[in-house]
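Descriptive analysis of the structure
Now for the letters of each chain:
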Amino acid sequence: PLTLEEVRMLVELFYLPYHHGTLAQKLLEHFRWLRANSLGVGVPATAPDACGGAQWRGRAQSFQLLCAQTCRLHSRFVSAASRALLYDLHPYLWDVRNMLLAASAFVLWLGCQNITAPVLLGRDAEPWARRGGLFGELQALLPVGNSHDLFYHPPPLFPSSQMYLLRPLLPLDKVGATAWRGCSEVALGQAGLQAQLSSAPVLAARLLGPFLSLSPEYTFVLEDEGGPCGYAAGALHAEGFLEQRNSSWLPAIRHKYPPDLGRGGPALGQESVLFFHEEPLAVPLPVLRRFPSLVQLGTAPRVLDVGASCSLALCLLSALRANGSRGVFCQVSDADQQQLSFYSKLG
């Protein structure tokens, strides 16, 4: 059963629509302060404002702990609550969990960046456009808080107690060990085929290679108890990103994976090798002018909770918006029904 402390946390999260309990108030206070003071992050230890950076990181750690406690509460509530109580309260707790996954990753991302301009936020929306309570106030603090269609998703029919961790690709990550392994599994799942492990690096390079090489600062990793299970990647200035991909990254990857490398191996691995030697389709200039940023997302087949995928999208779009992006687009084959369905579920 839930402990008394967990019940107290649940009550504090949903105390009154405009009067929060202690836990919710701390979450909001930390998030507001971290967002407002993010310019002091990333300074060297000898800089005059290094103490400000240390204070920011301390409060960021406190915020991460509160987010983790709330996500753990969601998991415990799904496992321990009676069915009647679960189906009454789960939609609200599920919403808050998804929001905190995105907010926590966004704060971690702020701590990894040397941002030289204030975080850009949308104009204030009409009060009726947002829900009340903790969810609505957290939504207003994200850079994409006024894009209301991003925040309205029906909860799953069968609640899951699966715990997730969402974070940016950190500087200390070894790309070959963490992110590439995760996106290889996503690629295998998206292809719907069985392939030998030896083809996994080729699949990973096809799926996510340009982003990890040219735009790692806008790459996020979703993890569950089994390890990496999803990713979100973006390029702030898609036009320059695509030019650099075609002029430097593709020639290097073609040299590494010559056309005859995949012969005699798994069909999926051979297909991925040949993919590098095809000329990429050009993006029409009007698209680049209206939607200057490129995004790409994916999850492994075992991720059935659409809330985790929504959180991936929220943190990536928030990071791009914070640095001035006016709109995004993604490239999907019209024959790839699985990816079309995935993006459609995200709205």
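If you look the chain up in an unreviewed UniProt entry, it shows as OGA GlcNAcase from Onychorhynchus coronatus.

Helix 5 (residues 133–141) packs onto helix 4 (residues 83–112) with a crossing angle of 25° between their chain directions and a minimal axis gap of 9 Å. What the angle tells us is that helix 4 and helix 5 run roughly parallel. Helix 4 and helix 5 meet at a crossing whose hand is left-handed. Between helix 4 and helix 5, the contacting residues are Asp-95, Val-96, Met-99 and Leu-100 on the first element and Leu-134, Phe-135, Leu-138 and Gln-139 on the second.

Once that is clear, we can look at the pairing of strand 2 (residues 219–224). Most of strand 2 is tucked away: six of the six residues are buried. Burial of strand 2 is two-sided: the residues Thr-219, Val-221 and Glu-223 facing one way and the residues Phe-220, Leu-222 and Asp-224 facing the other way are all buried. Direction of pairing for strand 1 (residues 165–168) relative to strand 2: antiparallel, over a ladder of four bridges. Each residue of the ladder has a partner; that of Leu-165, found in strand 2, is Glu-223. Judged from the six bridges that link them, strand 2 and strand 3 (residues 227–235) form a sheet pairing that is antiparallel. The residue of strand 3 that forms the bridge with Leu-222 is Gly-230. As consecutive antiparallel partners, strand 2 and strand 3 are separated by two residues.

Opposite charge on two side chains permits pairing when their charged atoms draw close. In this structure the tally under the stated criterion is seven salt bridges. Of the charged contacts in the structure, one is a salt bridge between Arg-76 and Glu-6, with a shortest N-O distance of 2.9 Å. Here Arg-76, found in helix 3 (residues 50–80), pairs with Glu-6, found in helix 1 (residues 4–13); they are 70 residues apart in sequence, far enough to count as distant. Here Arg-76 falls in the partly exposed class, since its relative accessible area comes to 28%.

For the rest of this paragraph, the subject is the packing of aromatic side chains. Using the criterion set out here, one finds six aromatic pairs in the structure. Geometrically, the ring pair formed by Phe-106 and Trp-109 is stacked, given 5.8 Å between the ring centres and 20° between the ring planes. One end of the pair is Phe-106 and the other is Trp-109, both in helix 4 and three residues apart, which spans about a single turn. Grouping residues by exposure puts Phe-106 and Trp-109 together as buried. Ring geometry for Phe-135 and Phe-151: centres 6.4 Å apart, planes at 85°, overall edge-to-face. Of this pair, Phe-135 sits in helix 5 while Phe-151 sits in the loop between helix 5 and strand 1, and the two are 16 residues apart along the sequence.

Attention now moves to the layout of surface pockets. In this structure, the second largest pocket encloses a volume near 510 Å³. The wall of the second largest pocket is formed by 23 residues, among which Val-144, Ser-147, Leu-150, Leu-317 and Val-328 lie closest to the centre. Only strand 4 (293–299), helix 11 (306–322), strand 5 (328–329) and helix 12 (337–346) provide two or more residues apiece to the lining of the second largest pocket. Here the element with the most residues in the lining of the second largest pocket is helix 11; it accounts for five residues. Of the residues that constitute the lining of the second largest pocket, the class distribution is 14 nonpolar, six polar and three charged.

A separate point is the packing of helix 2 (residues 22–36) against helix 4. The angle between the axes and the distance between the axes are what describe a pair of packed helices. Between helix 2 and helix 4, the least distance of the axes is 11 Å, while the angle of their chain directions is 35°. Crossing hand, helix 2 versus helix 4: left-handed. Packed against helix 2, whose contacting residues are Leu-27, Phe-31, Leu-34 and Arg-35, the element helix 4 presents Leu-100, Ala-103, Phe-106, Val-107 and Leu-110 at the interface. A per-class count over the contact of helix 2 with helix 4 returns eight nonpolar, no polar and one charged.

Another point: the nonpolar core. Membership of the largest hydrophobic core comes to 66 residues, with the highest contact counts inside it found for Leu-27, Phe-31, Phe-220 and Leu-297. Considering each element in turn, this core owes the most residues, 13 residues, to helix 4. Mapped onto the domain boundaries, this core takes at least three residues apiece from domain 1 (1–154) and domain 2 (162–346). Apart from the residues within four sequence positions on either side, Phe-31 is in contact with Phe-63, Ala-103, Phe-106, Val-107, Leu-138, Leu-141 and Leu-142. In this structure, Leu-169, Tyr-231, Phe-241 and Val-283 belong to the second largest nonpolar core, which totals 16 residues.

Since there are 3.6 residues in each turn of an α-helix, residues three or four apart along the chain are aligned in direction. Here helix 12 has its buried residues at Gln-339, Phe-342, Tyr-343 and Leu-346. For helix 12, the angular spread of the buried residues around the axis is 90°, confining them to a single face. Facing away from the buried surface of helix 12 by more than 90 degrees, the exposed residues are Gln-337, Ser-344 and Lys-345. A positive phi of about 85° marks Gly-347, the residue just after helix 12.

Moving on, we get to the environment of Cys-112. For Cys-112, the location among the structural elements is in helix 4. Through-space distance from the C-alpha of Cys-112 to that of Leu-170 is 7.2 Å; in sequence the pair is 58 residues apart.

Thresholds, definitions, all that
Numbers given to residues run from 1 along each chain, matching the order in which its sequence is written. Under the rules for a predicted model, residues below a pLDDT of 70 receive no local features and side-chain atom pairs below 80 are neither given nor counted, while totals for whole chains, interfaces and linings still include all residues. Excluding hydrogens and water, the side-chain values take into account all heavy atoms of the structure. As a rule, the C-alpha atoms of each element are fitted with a line to give its axis, helices using only the stretch in contact, and angles between N-to-C directions run from 0 to 180 degrees. To qualify as a helix, a DSSP run of H or I must reach at least 4 residues; to qualify as a strand, a run of E must reach at least 2; elements of each kind are numbered from the N terminus. For this classification, under 35 degrees means roughly parallel, over 145 means roughly antiparallel, 65 to 115 means roughly perpendicular, and everything else is oblique. In this scheme the handedness of a crossing depends on how the near helix is turned from the far one: anticlockwise by less than a right angle means left-handed, clockwise means right-handed. Contacts: residue pairs with any heavy atoms within 4.5 Å of one another. Under the scheme applied here, a residue whose accessible area is under 20% of the maximum for its type counts as buried, over 50% as exposed, and between as partly exposed, the area being computed with a 1.4 Å probe on protein chains only. Here, a strand pair is defined by DSSP locating no fewer than two bridges between the strands. Here a salt bridge means any side-chain nitrogen of Lys or Arg lying within 4 Å of a carboxyl oxygen belonging to Asp or Glu. The aromatic pairing rule takes the rings of Phe, Tyr and Trp, using the six-membered ring of Trp, and pairs them if the centres are within 6.5 Å, calling planes under 30 degrees apart stacked, those over 60 edge-to-face and the rest tilted. Detection works on a 1 Å grid of protein atoms alone, calling trapped sets that fit a 1.4 Å probe cavities and calling open sets with protein on both sides within 12 Å along at least five of seven lines pockets, with lining residues defined by an atom within 4 Å of a point. Grid points are joined across faces, edges and corners, and a volume is the space filled by probe spheres set on the points. Residues are grouped as follows: nonpolar covers Ala, Val, Leu, Ile, Met, Phe, Trp, Tyr, Cys and Pro; charged covers Asp, Glu, Lys and Arg; every other residue, Gly included, is treated as polar. By convention a nonpolar core is built from buried Ala, Val, Leu, Ile, Met, Phe, Trp, Tyr and Cys residues, the set being connected through side-chain atoms within 4.5 Å. All domain edges in this entry derive from an automatic or database-based domain assignment. Here the arc refers to the directions that run from the helix axis out to each C-beta atom.

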